[in-house]
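For reference, the chains in residue letters:
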Amino acid sequence: MNIRLLAKRNIQGNAQRYLAYFFSIVLSVSIFFIYASFIFHPDVVHTNIPGGKLISKGLIAAEIVIIIFSVFFIAYSNAAFLQPRKKEFGLLTLLGMSKSQLRKLIYLEQTIVSLISIMIGVGLGFLFSKLFLMTVSWLLAVEQPLSFVFVPKAFIYTIVGFILLFQLLSLLSLFHIGNAEVVDLLKDKQKPKKTPIVSKWLIALSVVSLSISYYLAVTMSLNNSYIRVLPILIFILIGTYFLFSQSIVALCRRLYQKKKSLYNGTNLINQTNLIFNIKDYSRLFFLTSIITAVILTAAGTLFMFSADLKKQGMDNIPQSIGWVENDASIYSVIEPSEVEKTLKEDGFKILYKVNMTGVPITHMLPHMRTGEPSENRSLLISESDYNKAATLRKLDSAKLSGKEALYVFPYGGGLDYQFVQNGEQKELHYGKQIIRVTMAGQRNHSIIAPIKSATTLMVVDDLLYNEITADMPLKEMVRVRGYEVKDWEESMETSGKIEKMSNNPDHQLQTRAPIYHKMKQGSILILFIGLFVSLLFFIVQGSMMYLRVFTNLEDKKIQIHALHRLGLTKKEIRQILSAEIRILFFAPFVIGMMHAIVAYVALSNLLGSNLFSYSAMVIATYFLLQLLYYQVTKKMYERAVINAIK
């Protein structure tokens, strides 16, 4: 028997414990390699495909996330593997193994597992990289798909990077065990667990922190989101940590005092196990609940944005085809007859047309960030023209009288910044003329193509508008045209024809279909990449719980064997084991889900959409995957424990 053979047999003996860890590392390496294969692909490096560089930047960010996450996971796993084996290491030391030999044994075990994981991960990554390249090529809609080539840099960065990562973390994990005394190693598991102490102040801190973070999130808007994100994150982390380390402990102690329920069935054993293990579980609960919240929020955000893209496109680009003529007396951008002819030839039905004129004006508005007044341009239009377009867009009409004016900002969503106030007096400048109006409020939506001078609108009463434009020639006015067509998503080719026919030097023409398809293409690609990372996070957080379950397997076997001798049936033993695993898997899920729901509410406010159905789908999918992971772990755990008492 030598150290190398002993390390090999230790791995074989702990194969069940290593299983989830091994699978997680293989998946991490595979995804890292696949992304690296794209980043260093010759066609991407030499910019032979459109959008390749942009996707590469996103994948590089994903690679960094994978590495950072792998560091924490491997460090946690190494500690989880070594902690229950302290008695074993103590016995080996007592039998004559030196500290250097003990370090070598641990180092060999971790190195063997890491090298096997890396080789299998790279192999699977290389095998599936062709499928990934084909999928990305299809999403980018490139004429010539990315070829499947051998990318040396992908192999070098993946293999060398993960080997260095494993070696560094393995060396760091050796010091704790290698410097421990024999007595400490042998008696580590014999140390009695104390009843956890609870602080009312820390419980209050958890409640206050979570309340503040939830309030900041649900009241967040576009104009204050950039200053709220960091405080929300900090308060969530503080509140969640003390929720598990203090609030849940207090709840368990209160339940433990209810004797009536305590002596019902296996509750006494379940609650006793929980209250003495909750302190050990708290750190795991904190990590897995945060990971769950990150997975649900990230996957949900990507899915919601992709699913809500059509609505966002229709909200921000009001007509399928729209343009602005700076001189209302002529059509210099494109003739409406040519647009109608092209749409008719291609079989598209025109649902409605927009044709309105307006007066370009300037006025003072506060800057969104600083609040300092600055000059802004708007298009002055009549109330009747506004109401016609608003009715076609199924928006509320305006009711103005006298010298009242309504300010229309084209971008809605979560923007709640008020550029004007009700009753505010404002000067509108057009040419050398000035007119004073009283503001009747602000609306955040678009009714015509938000281009150049027509980006924001100032709506006035028809009588006032006619008075202003009575002697104004058309060439000093602006004309806005728009066509909404049925099945506009299919009008990519038609939109291209119209854009080619137009004289559009200053981007005066806007077509919805090309912008929508470009956004959809990018969002689907980001969703595709993000789901890979989310899947990795899900597997890793499940693996952390799997490791926690099997870390105390030997102790659990001793406890269950003793309970079985006292008369507990196998059915009752299964109930005890199921309750323990159920808490491990679903307590963090509930808290992570709550965090994610608050994030979904904030996202709904920012986008100005009801995303309840999308968020319910994401949470339900995650719950089913979590349930599957729970069932597999429970079956393996029950089999391992119950087989020991036969």
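Look up: the structure comes first, before these words.
Residues numbered from 1 in each chain as written. Predicted model: local features only at pLDDT ≥ 70, side-chain atom pairs only at ≥ 80, totals over all residues. Heavy atoms only, no water.

S.K.: I tried to follow the nonpolar core on my own but got confused; where do I start?
M.R.: Taken as a class, soluble globular proteins show a tendency for nonpolar side chains to be buried jointly. Tyr21, Tyr35, Phe38, Phe550, Phe585 and Tyr637 are the most contacted members of the largest nonpolar core, which has 101 residues in total. Among the elements that line this core, the one with the most residues is helix α20 (residues 570-607), at 15 residues. (Core = buried A, V, L, I, M, F, W, Y, C linked by side-chain atoms within 4.5 Å. Buried < 20%, exposed > 50% of the residue type's maximum accessible area, 1.4 Å probe, protein only. Helix = DSSP H or I, 4+ residues; strand = E, 2+ residues; numbered from the N terminus.)

S.K.: Quick question: what am I supposed to make of the packing of aromatic side chains here?
M.R.: In this description, an aromatic ring pair is defined by two values, namely the gap between the centres and the angle between the planes. One pass over the structure, following the stated rule, counts 25 aromatic pairs. Ring centres of phenylalanine 40 and tyrosine 157 lie 5.0 Å apart, and the angle between their planes is 25°; on these two criteria the pair is classed as stacked. Residue phenylalanine 40 is found in the loop between α2 (15-39) and α3 (42-45), and its partner tyrosine 157 is found in helix α7 (residues 152-178); the two are separated by 117 residues along the sequence. Classification of phenylalanine 40 as partly exposed rests on a relative accessible area of 24%. A residue is classified by how much of its surface remains accessible, and tyrosine 157, at 47% relative accessible area, is partly exposed. Of the aromatic side chains, those joined through ring pairs into one cluster are Phe538, Phe585, Phe586, Phe589, Tyr622, Phe623, Tyr629 and Tyr630. It is arginine 512 that lies over the ring of tryptophan 488; its NZ or CZ is 4.7 Å from the centre. (Phe/Tyr/Trp six-rings, centres within 6.5 Å; stacked < 30°, edge-to-face > 60°. Lys NZ or Arg CZ within 6 Å of the ring centre and 35° of its normal.)

S.K.: Even after reading the chapter, I still don't get the packing of helix α13 (residues 309-316) against helix α18 (residues 512-551), so can you show me in this structure?
M.R.: Packed helices, taken two at a time, are described by the angle their axes make and the gap between the axes. Put simply, α13 and α18 touch, their axes get as near as 10 Å, and they point 145° apart. Once α13 is placed against α18, the crossing between them reads as right-handed. Touching Leu309, Lys310, Gly313 and Met314 of α13 are Arg512, Tyr516, Met519, Lys520 and Ser523, all from α18. Looking at the contact of α13 with α18, its residues break down into 4 nonpolar, 2 polar and 3 charged. (Axes fitted to C-alpha atoms, helices over the stretch in contact; angles between N-to-C directions. Left-handed = near helix turned anticlockwise from the far one by under 90°. Contact = heavy atoms within 4.5 Å. Nonpolar A, V, L, I, M, F, W, Y, C, P; charged D, E, K, R; others polar.)

S.K.: Would you explain empty space enclosed by the protein in this entry?
M.R.: A probe as big as a water molecule, rolled over the atoms, marks out the empty space that is left. Within the structure shown, the criterion is met by 5 cavities of 30 Å³ or more. The space that makes up the second largest cavity amounts to roughly 60 Å³. As for the second largest cavity, its lining consists of Phe33, Ser37, His41, Phe126, Ser129, Leu133, Phe148, Val149, Phe150, Val151, Ala154 and Phe155. Contributing elements (two or more residues each) for the lining of the second largest cavity: α2, α6 (99-140) and α7. (1 Å grid on protein atoms, 1.4 Å probe; cavity = no way out; pocket = protein on both sides within 12 Å on 5 of 7 lines; lining within 4 Å. Points joined across faces, edges and corners; volume = space filled by probe spheres on them.)

S.K.: Help me understand the packing of helix α14 (residues 336-345) against helix α17 (residues 492-501) in this model?
M.R.: Close contact between α14 and α17 brings their axes to 10 Å; oriented N to C, the two are set at 155°. Here α17 runs roughly antiparallel to α14, going by the angle between their axes. Note that α14 runs across α17; the crossing there is right-handed. From α14, Glu338, Val339, Thr342 and Leu343 reach across to α17, where they touch Thr494, Lys497, Ile498 and Met501. Residues that form the contact of α14 with α17 fall into these classes: 4 nonpolar, 2 polar and 2 charged. (Parallel < 35°, antiparallel > 145°, perpendicular 65-115°, else oblique.)

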